[in-house]
Amino acid sequence: MATLEEKIEETRKLGLQVVKEIEEDRLMTLSVGPQHPGSGHFRFTIKVDGDYIVYCDPDPGYVHRGEEKMCEYRNVIQNIPHLERPVIHDSNNITYSYSLAVEDLMGIQVPRRGQFIRAIASELNRQVYTLYWLAIYGIFLGHSTMFMWPAGDRELFIDLLERLTGARVTHAYNIPGGVRNDMPEGFKQRCLDHIRYFEKRLKEYEDIFYNMPLFRQRTEGVAVLSKEDAVKLGVTGSVLRASGIPYDIRKVEPYDVYNEVDFKVQYMKTGDSFARSYVPFLDMKESCNIMRQLLDKMPESGEVRTKLQPNPKGPPGEAYRRVESGRGALGYHIVSDGTPRPYRVKISVGSFRNLLALPYLLVGNKLADMPAVYWSLNYWPVEADR
Amino acid sequence: MSSDKEEQKMKAAKPTKAAGPEKAAPEVAKPAETKPVPAPKPAAPPATAAPPAKQEPEPPAFEKGLAQELVAKFGDAVKILYIRPIRIKVETGPSSIVEVATYLRDSMGFDHAESASGTDYPKENQIEVNYHLGSYTRDDLLANIIVLTTKANRDDPRVPSLIRVYPSVEYHERETYEMLGVYFEGHPRMERFLLPEDWADIPPLRKDFRIKGR
C-alpha cells in the first residue's frame, strides 16, 4: 500500500481525488459548509493531518435548480429571467452569451448602438460582481474595512445599472436582438463621473489591502497553481490569468464591439493566492478604461434592439457562444429543433470549471490558509450548481 | 447509395448492445450531417446542408485544414458534422474517442476540455455526448472550439471516459452521469454530484423526465 505522502503526491499530480483510503486513525475529518459562513451554499469535506489538509472532497449541489431543464419548457425570451438567477450579481453577463447564442441560431443582427449598450452594461455588471467578491474575500481574511469599502462602492455601479435597466440586481436587460430599452438622458456623463471617482478609490484599495504586509503574508506563495497545471485542469478567468496565461474571451474571441476597444489582458505569472486575488483588481482598473472607450465610441442615437416576432423560432441547429464573465468564460451550447423552445441548453460556467482546482490546491496546505485559497478561486456556488 | 452503406458500417462498428431497430434516418436536430453525398467521405468535410436546416456558408480555410488533418489521420473513424468559423464538430465512435482525443491533445494543441455534456434523442434511441475542447497554449487556436461528440445507446449508455486525456472533465462527466445516465468507463468516481442524495427517479435531463405540473 502506498504511503500517505505518495498518495498526496499522486493527488496533486493528477488533480484527482484518489486519496480515498488513507489510514483514517491519524486524520480528522471536517465538514466545511453548507452552513459555514465561509463557504456559501456549498460544502466540502476535508481531512487534516495535524495542521495540514491531506484530502478535500467538494460536494456542490445545495442550490441546484435545474436551470438547463427549465430552459426546455420555455421559449427563448421567457428563459431570460430565470437564467440570470445563478449569478444575480453578474446577471448581464450570464444573459449576454445566451443572447449571442440565440442570435447565432436565428441569424439575428443587433443594431450598433444596442451592441455598445449591452457591452457597457456587462462591464458595469462585472464591476458589481468583482466588488462583491472582493468584499467577501476581505472579510474572510479578517479585514473588515475591505468588506465595507467595496460593498459601499458597489452602489456606484448598481445606481448606474438601476438607471439603465430599472432594476438593482436582476435586470433581464439583454434579450436576443439587443437590449430592452435605450439609455436614459444624462447617463453617459453620470457614468464618466462614477468611473472617475471609482478609479481614485481603487488606489486606496491597493494601499489599504493589497499592500498590507499581513495580507501579503497570508496569500503570497500560498497554493501555487503552475501554468501547466492550470492548463491541465482547464481553469478559466482570473484563476487562469493569475497562472501566467493571458486568456480573455473579450480578446481572443471578441464579441459585439470588443474588437474596436483597445485594452490589455491583465495577468500575472506567480499563480499563488495573491495573484488570483490581484488579477480581478487589475481587471477592474482595465474595465474602467474599456467603459470610457465604449462610451466614447457609442453612436449618439439609433435603434437598440431588433424586434423579434412573438414566440421567435429559428431553423434547427446548434450554437456555442462564450463571453468573459466575472468568473471566466461563460458559454452556452444551445441545440434547437426548430421549435420556439430550445431542445437542449448546456451552460458552461467558470465556477464549475474552477472548482476542480479546489482539492488540487488545498491538499498540502495548512487549514488556516483555507479561506485565502477558497475565495481566491472566485468561486460562486450558485453558478456552479445552476 | 454508398454513403448509406458507410453510415451502416459506422453504426455496426459501435459496440451498441443490440439495441432497438436503429434507423439510418437523419436526425432532425442535427443539420449538416444528414444528406447522402455520393462523394467519398474523407475528402468532403461538412457537405451540403439538408434543405430545412440552416444553410452553411463556405467553411473557413483554417478550420477546414484542422478538420482535414483529423480526417487524414483517422479516415472513416471520424465524421465532420460541421465546420464554421472557430467551431468544428467531429463525431467519432465510442471505441475510438480516446484515441482521437489523445491525438487532438498531443498533436493538434487542444490542451483542455471546457465541458462535457449530453443531449438525449429518444426518437433515435441515442444519447449524444459532447466534449468542448479548446486551447490555451497555441496562439492560433485560442478562439477555436472543437466539439468532439460520440453517441451511446440510450438503453445502456456507456462510453469510455476521457479523464486520462483531459483531467478537467472529472466533474463534468460526473454531472453528465447523473443528469443523463451515461456511464463513463474508466472514471474513478461515477457517483452523485449535484442531485440530492435521495434522488430516486430517472436522470432528469432525459426527455422522458417531466417537470411536475408541466
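The rules behind each value
- Along each chain, residues carry numbers from 1 onward, in the same order as the chain's sequence is written.
- For this description, chains carry letters from A and ligands carry numbers from 1, given in the order in which they are written.
- The model is predicted, so local features are restricted to residues of pLDDT at least 70 and side-chain atom pairs to those at 80 or more, both for listing and for counting; the totals for chains, interfaces and linings are taken over all residues.
- Helix and strand assignments come from DSSP, with helices taken as H or I runs of at least 4 residues and strands as E runs of at least 2, each series counted from the N terminus.
- Radius of gyration: over C-alpha atoms. The globule rule applied is 2.2 Å multiplied by the number of residues raised to the 0.38 power.
- We call a residue exposed when 12 or fewer other C-beta atoms sit within 10 Å of its C-beta, buried when the count reaches 20 or more, and partly exposed for counts in between; the C-beta positions come from the backbone.
- Note on contacts: each residue gets a C-beta atom placed from the backbone, and two residues are in contact if those atoms are within 7 Å.
- What the arc describes is the spread of directions from the helix axis to the C-beta atoms.
- The classification used treats Ala, Val, Leu, Ile, Met, Phe, Trp, Tyr, Cys and Pro as nonpolar, Asp, Glu, Lys and Arg as charged, and all other residues, Gly among them, as polar.
- Pairs of strands are assigned from DSSP output, requiring at least two bridges between the strands.
- Under this scheme, a helix contributes an axis fitted over its contacting stretch, all axes are lines through C-alpha atoms, and angles between N-to-C directions fall in the 0 to 180 degree range.
- In these notes the angle categories are as follows: under 35 degrees is roughly parallel, over 145 is roughly antiparallel, 65 to 115 is roughly perpendicular, and the rest is oblique.
- Working rule for handedness: look at the near helix, and if it is turned counterclockwise from the far one by less than a right angle, call the crossing left-handed; if clockwise, right-handed.
- Helices are assigned an expected span. That span is 1.5 Å times one less than the residue count.
- What we call a nonpolar core is a set of buried Ala, Val, Leu, Ile, Met, Phe, Trp, Tyr and Cys residues whose membership is set by joining through C-beta atoms within 7 Å.
- Each residue gets a pLDDT score, which is the predictor's confidence in that residue and runs from 0 to 100.

Undergrad: What's the story with the overall build of chain A in this structure? I'm lost.
TA: Across its full length, chain A holds 16 helices and 8 strands. For chain A, the C-alpha radius of gyration of 21 Å lies close to 21 Å, the compact-globule estimate for 386 residues. Principal axes of the C-alpha set define a box for chain A whose edges measure 70 × 50 × 35 Å. When each of the 386 residues of chain A is scored for burial, the buried share is 53%. For chain A, long-range pairs separated by at least 24 residues make up 71% of all intrachain contacts whose partners lie at least 6 apart in sequence.

Undergrad: Help me out: how do you make sense of the overall build of chain B in this one?
TA: In terms of helices and strands, chain B carries 4 helices and 7 strands. Counting helices and strands in the order they occur from the N terminus, chain B gives α-α-β-β-α-β-β-β-β-α-β. Looking at chain B as a whole, 43% of its 214 residues are labelled buried. Partitioning the intrachain contacts of chain B with sequence separation of at least 6 by distance along the chain shows that 54% fall at a separation of at least 24.

Undergrad: I would appreciate a short explanation of helix α3 (residues 97-106) of chain B in the present structure.
TA: Residue and element names in this part refer to chain B. Listed in full, the buried residues belonging to α3 are Ile-97, Val-100, Ala-101 and Leu-104. Down the axis of α3, the smallest arc covering the buried residues is 95°, so these residues share one side. Its buried side turned inward, α3 meets α2 (61-74), β1 (78-84), β2 (87-92), β4 (126-134), β5 (145-153) and β6 (158-160).

Undergrad: I keep staring at the interface of chain B and chain A and nothing clicks. Help me out?
TA: It is common to give the size of an interface as the accessible area that goes away when the parts come together. Counting residues at the interface gives 35 residues for chain B, matched by 36 residues for chain A. When contributions to the side of chain B that touches chain A are tallied by element, the ones reaching two or more residues are β3 (112-121), β4, β5 and α4 (170-180) of chain B. Looking at the side of chain B that touches chain A, the element that brings in the most residues is β3(B), giving 6 residues. A per-class count over the side of chain B that touches chain A returns 21 nonpolar, 8 polar and 6 charged.

Undergrad: Even after reading the chapter, I still don't get the pairing of β3(B), so can you show me in this structure?
TA: Two faces make up the sheet, and in a regular strand the side chains alternate between them. All names here are of chain B. With 10 of 10 residues buried, β3 lies mostly within the body of the structure. In the sheet, β3 pairs with β4 via 9 bridges, with the strands oriented antiparallel. Residue Ala-113 lies in a different strand from β4, and its bridge partner there is Leu-133. Connecting β3 to the next strand, β4, in antiparallel fashion are 4 residues, including Asn-125 with a positive phi near 55°.

Undergrad: Sorry, what's going on with the sheet that holds strand β8 (residues 344-348) of chain A here?
TA: The pairing of strands in a sheet happens through backbone hydrogen bonds and is either parallel or antiparallel. Residues and elements named next belong to chain A. Across the sheet, which stays open at both edges, the 3 strands sit in the order β6-β7-β8 with antiparallel pairing between neighbours. Of all strands in the sheet, those with a lone pairing partner are β6 (317-325) and β8, marking the two edges. On average, each strand axis in the sheet is inclined to that of its neighbour by 10°, with strand direction left out of account. Summarising the sheet, strand β7 (residues 328-336) and β8 pair through 5 bridges and their orientation is antiparallel. Residue pairing across strands places Gly-331 opposite Ser-348, the latter belonging to β8.

Undergrad: In this structure, what is going on with the pairing of strand β3 (residues 52-59) of chain A? I would like to understand it.
TA: Residue and element names in this part refer to chain A. Taken together, the 7 bridges between strand β2 (residues 43-49) and β3 define a ladder with antiparallel strand orientation. Residue pairing in the sheet places Val-48 in a bridge with Ile-53 of β3. Hairpin connection between β2 and β3: a loop of 2 residues separates the two successive antiparallel strands, and Gly-50 in this loop has a positive phi of roughly 65°.

Undergrad: Whenever I open this one, the packing of helix α5 (residues 112-140) of chain A against helix α12 (residues 273-297) of chain A confuses me. Can you help?
TA: The axes of two packed helices give the description: the angle between them and the distance between them. All names here are of chain A. One can describe the packing of α5 onto α12 by two numbers: an axis separation of 10 Å at closest approach and a directional angle of 155°. In terms of axis orientation, α5 runs roughly antiparallel to α12. In this structure, the crossing between α5 and α12 has a hand that is left-handed. Between α5 and α12, the residues in contact are Phe-116, Ala-119, Ile-120, Glu-123, Arg-126, Gln-127, Thr-130, Trp-133, Leu-134 and Tyr-137 and Ser-277, Pro-280, Asp-283, Met-284, Ser-287, Ile-290, Met-291, Leu-294 and Leu-295, respectively.

Undergrad: Sorry if this is basic, but what is going on with unusual backbone geometry here?
TA: All names here are of chain A. Phi at Asp-256 takes a positive value of approximately 45°, unusual for a residue other than glycine. With respect to the secondary-structure elements, Asp-256 resides in the loop between α11 (249-252) and α12. Residue class for Asp-256 comes out buried when judged on the 22 C-beta atoms lying within 10 Å of it. Unusually for a residue other than glycine, Asn-311 sits at a positive phi of about 55°. If you trace the backbone, Asn-311 turns up in the loop between α12 and β6. Residue classification places Asn-311 among the exposed positions, given that 12 C-beta atoms sit within 10 Å.

Undergrad: I'm lost on helix α7 (residues 187-210) of chain A in this one. Help?
TA: A turn of α-helix holds 3.6 residues, and therefore any two residues three or four places apart point the same way. Residues and elements named next belong to chain A. For α7, spanning 24 residues, the distance from its first C-alpha to its last is 32 Å, which sits close to the expected 34 Å at 1.5 Å a residue. Residues of α7 that are buried: Cys-191, His-194, Ile-195, Phe-198, Tyr-205 and Phe-209. Buried residues belonging to α7 abut α5, α6 (145-165), α8 (213-219) and α12.

Undergrad: Even after reading the chapter, I still don't get the sheet that holds β3(A), so can you show me in this structure?
TA: Residue and element names in this part refer to chain A. In spatial order, the strands read β1-β2-β3; together these 3 strands make up an open sheet with antiparallel pairing. Each edge of the sheet is formed by a strand with only one pairing partner; in this case those strands are β1 (28-32) and β3. Ignoring strand direction, the axes of neighbouring strands in this sheet form an average angle of 20°.

Undergrad: Help me understand the nonpolar core, please; the structure alone is not making it clear to me.
TA: One broad rule of soluble globular proteins: the nonpolar side chains tend to lie buried together. Among the nonpolar cores identified, the biggest contains 147 residues, and Ala101(A), Ala357(A), Leu358(A), Leu362(A), Val90(B), Ile146(B) and Leu148(B) are the most heavily contacted of them. The dominant element in this core, judged by the number of residues it contributes, is α5(A), at 14 residues. Leaving out residues up to four positions away in the same chain, Leu148(B) has contacts with Val90(B), Thr92(B), Ile97(B), Val100(B), Ala101(B), Tyr131(B) and Leu133(B).

Undergrad: Whenever I open this one, the confidence of the model for chain A confuses me. Can you help?
TA: Close inspection of predicted coordinates is inappropriate for parts of the model with low pLDDT. Put simply, chain A has an average pLDDT of 86, and 92% of its residues get 70 or more. Contacts for the low-pLDDT stretch residues 15-20 of chain A, under 50 throughout, to residues beyond four places or in other chains number 21 contacts.

Undergrad: What is the right way to look at the environment of Ile46(A) in this model?
TA: Looking at the secondary structure, you find Ile46(A) in strand β2. Apart from residues no more than four positions distant in its own chain, Ile46(A) is found in contact with Leu30(A), Val32(A), Ile53(A), Tyr55(A), Cys56(A) and Leu362(A).

Undergrad: Quick question: what am I supposed to make of the confidence of the model for chain B here?
TA: Residue and element names in this part refer to chain B. Confidence in the prediction of chain B, expressed as mean pLDDT, is 75, and 73% of residues score 70 or more. Here residues 9-51 is a poorly scored stretch, pLDDT under 50, and it has 80 contacts once near neighbours within four places are set aside; other chains count. Scored as a whole, the predicted complex attains pTM 0.81, and scored at its interfaces, ipTM 0.83.

Undergrad: Looking at this structure, I do not really get the packing of helix α4 (residues 91-106) of chain A against α5(A). What am I missing?
TA: Residue and element names in this part refer to chain A. With their axes 7 Å apart at the nearest point, α4 and α5 run at an angle of 140° to one another. Between α4 and α5, the angle is such that the two are oblique. Seen from α4, the contacting residues are Ser-91, Asn-92, Asn-93 and Tyr-96; seen from α5, they are Arg-118, Ala-121, Ser-122, Asn-125 and Arg-126. Its residues assigned to classes, the contact of α4 with α5 shows 2 nonpolar, 5 polar and 2 charged.

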